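Geometric and topological summary
Chain by chain, the residues:
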Amino acid sequence: MTDAANRADPSIKDFEAAIAELESVVRKLEEGDLALEQSLALYERGVRLSRFCHARLEEAERRIEILSERGDLRPAPATLATGDDRDR
């Protein structure tokens, strides 16, 4: 985990926990049964969680690129990355 991500919100422990909490936040907001202030607080939490997850994914992508350069690995085909199985 990056130092900046830790400083941003120490209550976010790891990527998997952040994704699970973000999904919960989205569900609660979609239900629409909250007061305005509660909705705003949840939305703000969701933004922090989303930023954390985005930063972790970018960090993982950089690590993969470094490994690819060092190990002469090639990226996966675009169809594999999108989950497009129609050609199979």
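Residues numbered from 1 in each chain as written. Predicted model: local features only at pLDDT ≥ 70, side-chain atom pairs only at ≥ 80, totals over all residues. Heavy atoms only, no water.

**A look at the environment of Arg45**
In this fold, Arg45 is placed in helix α3 (residues 36-71). The class of Arg45 is buried, set by a relative accessible area of 13%. Through-space distance from the C-alpha of Arg45 to that of Glu21 is 9.3 Å; in sequence the pair is 24 residues apart. Every residue in contact with Arg45, bar those within four places of it in the chain, is listed here: Asp9, Ser11, Ile12, Glu21 and Val25. A polar contact of 2.6 Å, which involves the side chain of Arg45, links it to the side chain of Asp9. Separated by 2.9 Å, the side chains of Arg45 and Ser11 make a polar contact. (Helix = DSSP H or I, 4+ residues; strand = E, 2+ residues; numbered from the N terminus. Buried < 20%, exposed > 50% of the residue type's maximum accessible area, 1.4 Å probe, protein only. Contact = heavy atoms within 4.5 Å. Polar contact = N/O pair within 3.5 Å; in protein donor to acceptor, adjacent residues only side chain to side chain.)

**Considering the side chain of Glu59**
Residue placement: Glu59 occurs in helix α3. A distance of 3.0 Å separates the side chain of Glu59 from the side chain of Arg56, its partner in a polar contact.

**Comments concerning helix α2 (residues 15-31)**
Here α2 contains 17 residues, and its C-alpha end-to-end distance of 24 Å stays within 8% of the 24 Å for a straight helix at 1.5 Å per residue. Buried within α2 are the following residues: Ala18, Leu22 and Val25. In a view along the axis of α2, the buried residues occupy a sector of 60°, so they form one face of it. Exposed side of α2, more than 90 degrees from the buried face: Glu16, Glu30 and Glu31 are the residues found there. Where α2 begins, the capping side chain belongs to Asp14, and its oxygen is found 3.4 Å from the backbone nitrogen of Glu16. (Expected span 1.5 Å × (residues − 1). Arc of directions from axis to C-beta.)

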